[in-house]
Amino acid sequence: MGEIVNLNRVRKDRAKAATRASAVANRVLHGRSKAERAQAEAERARADRLLDGSKLED
């Protein structure tokens, strides 16, 4: 015979796993230090300046 499975427990475990996965994604997006955010902003600004400087004028 197969193992008896409580479907409510399976559903709750699946929901908890999804919550944990979204928490990991949020930590990656929002869990950066002030120095890391400043460095990323400086890199983005440098890339914008480089791109603006490379534009051709008509």
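First, a word on scope: everything that follows refers to the structure included in this document. Quick caveat: nothing in here was measured; it's all calculated off a predicted structure. (Residues numbered from 1 in each chain as written. Predicted model: local features only at pLDDT ≥ 70, side-chain atom pairs only at ≥ 80, totals over all residues. Heavy atoms only, no water.)

## Details of helix H1 (residues 7-30)
If you check H1, its first and last C-alpha atoms are 34 Å apart, about what 24 residues at 1.5 Å a residue would give, namely 34 Å. Regarding H1, its N-cap is Asn 6, as a side-chain oxygen of that residue lies 3.0 Å from the backbone nitrogen of Asn 8 further along. (Helix = DSSP H or I, 4+ residues; strand = E, 2+ residues; numbered from the N terminus. Expected span 1.5 Å × (residues − 1). Polar contact = N/O pair within 3.5 Å; in protein donor to acceptor, adjacent residues only side chain to side chain.)

## So, the pattern of salt bridges
Using the criterion set out here, one finds three salt bridges in the structure. Measuring nitrogen to oxygen at the nearest pair gives 3.0 Å for the salt bridge that ties Arg 44 to Glu 41. Residue Arg 44 and its partner Glu 41 are located together in helix H2 (residues 34-53), separated by three residues, close to a single helical turn. Looking at Glu 41, the relative accessible area reads 44%, which means it is partly exposed. Across the salt bridge formed by Arg 46 and Glu 43, the nearest N and O atoms sit 3.0 Å from each other. Pair noted here: Arg 46 and Glu 43 are both in helix H2, with a separation of three residues, about one helical turn. Residue Arg 46 is classed as partly exposed on the basis of its relative accessible area of 41%. Relative accessible area serves as the criterion here: at 43%, Glu 43 is assigned to the partly exposed category. (Salt bridge = Lys/Arg side-chain N within 4 Å of Asp/Glu carboxyl O. Buried < 20%, exposed > 50% of the residue type's maximum accessible area, 1.4 Å probe, protein only.)

This is a description of form; function is not addressed.
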